[in-house]
Amino acid sequence: MNSNSAFTIGRTHDVCQDYAVAGSSREPYVIVSDGCSSSPDTDIGSRLLARAAERLLRSAGNPAAVAMQELYEQAARKALRRARGMGLGPGCVDATLLTIHVYGDEFVAACYGDGVIALERRDGRMDVYSINFAESYPCYPAYAHQPERLRLIEERSGNVKEVAHYHRAGRDDELRLSERIVSDNCVETFSGSVADYAFVAVMTDGVHSFAEAVRTDTARRVEPVGMSRVLRELLAFKNTNGAFVQRRLNKFSGECRQRGWQHHDDLGIGAVYF
Amino acid sequence: MPVLTDLTLEQVDLPNSHYGYSATRIEDLGATEYTVVTIACDVSGSTAAFSMEMEAAIKKIVQACKFSPRADNLLLRLVQFDDRLDEIHGFKLLENCHAADYSGVLRSGGMTALFDATENAVSATVSYGKQLAAGDFSANAIVFVITDGADNTSKLSVKKVRKAFTQAITGEALESVVSILIGVNVQDQSISQCLRQFHQDAGFTQYIELEQADAQTLAKLAEFVSRSISAQSQSLGTGGPSQSLIF
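Residues numbered from 1 in each chain as written. Chains lettered and ligands numbered in written order. Predicted model: local features only at pLDDT ≥ 70, side-chain atom pairs only at ≥ 80, totals over all residues.

Caption draft 1: Just the interface of chain B and chain A, in detail. Between chain B and chain A, the contact holds 12 residues from the first and 10 residues from the second. Looking at the side of chain B that touches chain A residue by residue, the classes come out as 5 nonpolar, 4 polar and 3 charged. (Contact = placed C-beta atoms within 7 Å. Nonpolar A, V, L, I, M, F, W, Y, C, P; charged D, E, K, R; others polar.)

Caption draft 2: Representation of the nonpolar core within the structure. Counting residues in hydrophobic clusters, the biggest one holds 81 residues, and the most contacted among them are L49(A) and I269(A). A total of 8 residues in this core trace back to one element, the largest contributor, which is helix α2 (residues 68-85) of chain A. Those residues in contact with L49(A), other than ones at most four positions away along the chain, are S33(A), A75(A), A76(A), A79(A), V93(A), A95(A) and L97(A). Counting residues in hydrophobic clusters, the runner-up holds 76 residues, among them A117(B), L132(B), L181(B) and I229(B). (Core = buried A, V, L, I, M, F, W, Y, C linked by C-beta atoms within 7 Å. Buried ≥ 20, exposed ≤ 12 C-beta atoms within 10 Å, placed from the backbone. Helix = DSSP H or I, 4+ residues; strand = E, 2+ residues; numbered from the N terminus.)

Caption draft 3: Local environment of the pairing of strand β4 (residues 97-103) of chain A. Residue and element names in this part refer to chain A. With 6 of its 7 residues buried, β4 lies for the most part within the structure. Looking at chain direction, strand β3 (residues 29-34) and β4 are connected through 4 bridges and run antiparallel. In the strand pairing of β4, Y29 is matched with H101. Here 7 bridges tie β4 to strand β5 (residues 106-112), and the two strands are oriented antiparallel to one another. Across the sheet, residue L98 finds its bridge partner in β5, namely C111. (Pairing = 2+ DSSP bridges.)

Caption draft 4: Quick look at the pairing of strand β7 (residues 177-183) of chain B. All names here are of chain B. The element β7 is largely enclosed, with a buried count of 7 among its 7 residues. On β7, burial covers both faces: V177, S179, L181 and G183 on one face and V178, I180 and I182 on the other are all buried. Sheet topology note: the strand β6 (residues 138-147)/β7 ladder contains 7 bridges and is parallel. In the sheet register, I142 faces β7, and the bridge partner there is V178. In the classification by handedness, the crossover that spans β6, the intervening helix α3 (residues 158-170) and the parallel β7 is right-handed. As paired elements, β7 and strand β8 (residues 206-209) share 4 bridges and run parallel to each other. Of the residues in β8, the one forming a bridge with I180 is Q206. (Right-handed = clockwise from strand over helix to strand, strands pointing away.)

Below is the structure:
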């Protein structure tokens, strides 16, 4: 087993507000956080949140899937306290949290806020869950400690949380949309047997922000690059030793430049290879 | 003589070449990027007088590289050549290179197959660079060829050496390649002229000429080599090679 993570700044950002950390004190884990681009100092807040979650994940001794919401909200509470100590406002902890950890013979992958979770089975089948909010206002774990902000977000009736499930039948097949469901859960959790899966990856919503320059004789325009195309490249790990996610992201970024692909949003990714 | 043969290294054949190379398996590498370093050392009969000092210099290079901030990103290959090529060890992580292992590794005798050795050094570098690139690793390279005389027995021509250098540049697997020809104990003007010509014709990045091969000069050479390695490694990611250092 091995875990690794990486993050990179988006084209329209001055500072990267995504953050990712990986480790393997006892069992491998990854934590990815995406700071809200319209809140102040979320580059710091996403780091505080991810590091608080890391400490809790390690001290909790690999919690079960049902304990994830409590762990995420506790991490947010600790991050808010540290932010206050630094003289920063609570808005800096407006950040999503995505984690993967191993729990006995199983893994738990979870997402609080928006993001993408990809699970590849050893036989090549892959399931991808893309978690989005209709009005692009994710419900962050820090809102659990800010009742007024939580109330405001809950009042946005159109801001429903949707989980789009994509499935790929084999390594040579394309990801196809399988179903879309509306979820009321704060945390989306996915678990499975380590023996059945090759790897699990969590990503920030930056994977949805890719676009390519298309040039014709008379026009130059920008078209979005579908998540399926991005994931096919981004998750094509060549070997899984050491910094395998960072290597793939580095190479992928170079290939994007050659193809004229750009991502306007920050991108954070973490993966555990079983 | 210490055993430098490492069973964890993979043996690789080079197409159209009598000699191949060995290298750390790609799946055993963990970092994101590597600088691939080759030192090809002439051990023809005329080097016998300073082979101990040369060994000391190699030890010093290995020790100095361990203190480089890029130590974890270096893969070192050491070959010696007279009229044949002998790989002392293939591309090996610096953490697995120990100065003490280099005692008694150089054996002197024979003629100077300088072109053959240079061609192999470059071709092996390019081949391994391709493997690294295919495994998502970023890589650049630096090749040192240390000799005290002109070629007098190679099977390959200078054109073949130049072709290897050209492939290193055009192949694009390696971000940049720096190659340094080092003439040691060059007191004969005709040898100097031959090596300068070889530097030009083959396409080396830099030529360094040392009139002496005493302990002090070779210690200075070791310092130059280790600084050049460190500089080239630090340039990785910039898209270009490091600036040539002054000896």
